[in-house]
Amino acid sequence: MRWNGQELGVEQQGTLPGLARLNNLVRSVQTPEFAGLTFHEVLAKSALNRVPGQSYVPFGWTINPYRGCSHACVYCLDPSTRITMADGSVRALRDIEPGDTVVGTVRRDGYRRYAPSKVLAKWSTRKRAHRITLADGTTLVASGDHRFLTERGWKHVTGAMHGAKRRPYLTTGNSLIGFGSGAPGPEIERTEEYRQAIIGAMVKTHADLRVVAVEPLGTEIEMLDITTSTEDFVANGVVSHNCFARPTHEYLDLSAGDDFDRQLIVKVNVADVLRRELARPSWRHEPVALGTNTDPYQRAEGRYALMPGIIEALAGSGTPFSVLTKGTLLRRDLPMLASAREHVPIDLAMSIAVYDDELQRAIEPGTPTTAARLATVTAVREAGFDCTVFLMPILPFLTDTRAHLDEALRRAKAAGATSVVYSALHLRGAVKPWFFAWLAREHPELVPKYRAMFPGAAAYAPKEYRTWLASRIRPLMRAHRLERGREDAVTGGVRSSATGRPSSDRPLDAVAAPAMLF
């Protein structure tokens, strides 16, 4: 079997149970330049996805060359790192397996407390290693991306004060949170009494866990990490973050841990399949939306370059299309898109939801920065396209202030945006527990307010809030001379300029819009 002129062979599928359903799997691939990611290359049976419509729109069409997203960060530890189990015992990270119960933390009654935490997933990778030494003698070996809880919140092992690598990071003098290499409090025999001494106790630091040194080891080593139900665990006696992820691969029975971010399904033949589908006499050349489910210009596109073939197939068949992305890799294909526009209408949009750098890094780790995406908007305009900015979702109490919205619209206009689509946050399905876990970790003071806004199974912000938000943002859009963009009510992408259908009378918050932030 050949693809892109190269011979393909079936490789070991690993132990992920869901891969048994991938009966069209070609091979599973790991490469050094994408450490921590596994690409499962499949031969797609179809490329066009029909999205059931509502109201006046019968249906829409989308293409998803990838399932999963490689925008996520990597958090890794030395396999010998000692993990505290819920029964009080200690086990090496290499010996931890999904289904085990370790010690994590939860916020309860205004305090962070130790709690049982189920291990949901485990994975390995090769990363450059750093040694963190604490004043009490505790040492940890971790990747630069790993995060530990400090007296000033979560911090990465390495980072920078300025530039692309700017993020909170450990410095000498920071104090980690936990009990260090010793026991949590008085030395107690590791029995049920010990377990009870941990579980439910407030997380207090009695040991001297000041950071004495953070030293690069100068080499890559095999590392491991786990995903837990509390999204943290105790490693060498300090509270350690794990990779948060959403269980969006459940259709394949993949883990509810990090599979969405690290187990990517790549439809390597998507362009060939698409050409056959577009050549059918039944195809009516209706607009196709890309980027409404998974991002077509995520990092994996740099390896697989599926989009040029998709663009060529759509343009060659006379099919109009739109692209919504957070990825700056869109700039690679602008010359090709400009040529394709001579044959079909093409609409481009950039998703830029957060204009506070620290908040953006916290909620969208691993994605291009706001500045990089705004520069891509400028590049799109210089290539002769209009460019819509998706200012969505707007986060209550975080990004809905007049100052933040004014700055967002100012920067979007300065970058060349021709229109803006906005809507309040909505939390559907698996996104809701993921977002609330993030909120509890990063902004616990807002959890009661959000629970009041999104009670029970409620997915959308209250109508009163949406009305209030519209009254706040509309005058600002007029002041910055920005038009309100048109969103496709079915696919959630930018509405194609090829369609003459009128826009919906429903508020945008109530249509099938994608939560592009996540």
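Note that the coordinates shown come from a computational prediction; the quantities given were computed from them, not determined experimentally.

Draft legend 1. Spotlight on the packing of aromatic side chains. Inspection of the entire model under this criterion finds nine aromatic pairs. Geometrically, the ring pair formed by Phe397 and Tyr450 is edge-to-face, given 6.2 Å between the ring centres and 70° between the ring planes. One end of the pair, Phe397, is in the loop between β22 (387-394) and α9 (402-415); the other, Tyr450, is in helix α11 (residues 447-453), with 53 residues separating them in the sequence. Taking 6.2 Å as the distance between ring centres and 20° as the angle between the ring planes, the aromatic pair formed by Tyr450 and Phe454 counts as stacked. By the burial criterion, Tyr450 is buried, and Phe454 matches it. An aromatic cluster is built from Phe397, Phe435, Phe436, Trp438, Tyr450 and Phe454, whose rings are joined through pairwise contacts.

Draft legend 2. Geometry of the packing of helix α3 (residues 270-278) against helix α5 (residues 307-317). Two elements in contact, α3 and α5, have axes separated by 8 Å at closest approach and are oriented at 10°. On the basis of the axis angle, α3 is roughly parallel to α5. Contact residues: Val270, Ala271, Leu274, Arg275 and Leu278 in α3; Gly309, Ile310, Glu312, Ala313, Leu314 and Ser317 in α5. Broken down by class, the residue content of the contact of α3 with α5 amounts to seven nonpolar, two polar and two charged.

Draft legend 3. Region of interest: α3. Along α3, the positions that sit buried rather than exposed are Val270, Ala271, Val273, Leu274, Glu277 and Leu278. Taken end-on, α3 shows its buried residues confined to a sector of 160°, consistent with a single buried face.

Draft legend 4. Helix α8 (residues 370-382), seen in detail. Given a rise of 1.5 Å per residue, 13 residues ought to cover 18 Å, and the 19 Å separating the end C-alpha atoms of α8 matches this to within 8%. Of the surrounding secondary structure, the elements contacted by the buried residues of α8 are α6 (334-340), β21 (346-351), α7 (357-363), β22 and α9. In the stretch just after α8, Gly384 is the one whose phi turns positive, near 95°.

Draft legend 5. Spotlight on the confidence of the model for the protein chain. Per-chain confidence: the protein chain averages 80 in pLDDT, with 78% of residues scoring 70 or above. Note that residues 183-192 has pLDDT below 50 and, in this model, twelve contacts with residues that lie over four places away or in other chains.

Draft legend 6. Here's a closer look at the pattern of salt bridges. The full count for this structure, using the stated rule, is 13 salt bridges. A salt bridge links Asp100 to Arg91; the shortest N-O distance between them is 2.9 Å. Classification of Asp100 by relative accessible area gives buried; the value is 18%. Residue classification places Arg91 among the partly exposed residues on the basis of a relative accessible area of 29%. Residue Asp333 is joined to Arg332 by a salt bridge in which the shortest nitrogen-to-oxygen separation is 2.9 Å. The exposure class of Asp333 is buried, given its relative accessible area of 4%. Salt bridges linked by common partners bring Arg147, Arg441 and Glu442 together as one network.

About the thresholds
- Residues numbered from 1 in each chain as written.
- Predicted model: local features only at pLDDT ≥ 70, side-chain atom pairs only at ≥ 80, totals over all residues.
- Heavy atoms only, no water.
- Phe/Tyr/Trp six-rings, centres within 6.5 Å; stacked < 30°, edge-to-face > 60°.
- Helix = DSSP H or I, 4+ residues; strand = E, 2+ residues; numbered from the N terminus.
- Buried < 20%, exposed > 50% of the residue type's maximum accessible area, 1.4 Å probe, protein only.
- Axes fitted to C-alpha atoms, helices over the stretch in contact; angles between N-to-C directions.
- Parallel < 35°, antiparallel > 145°, perpendicular 65-115°, else oblique.
- Contact = heavy atoms within 4.5 Å.
- Nonpolar A, V, L, I, M, F, W, Y, C, P; charged D, E, K, R; others polar.
- Arc of directions from axis to C-beta.
- Expected span 1.5 Å × (residues − 1).
- pLDDT = per-residue confidence, 0-100.
- Salt bridge = Lys/Arg side-chain N within 4 Å of Asp/Glu carboxyl O.

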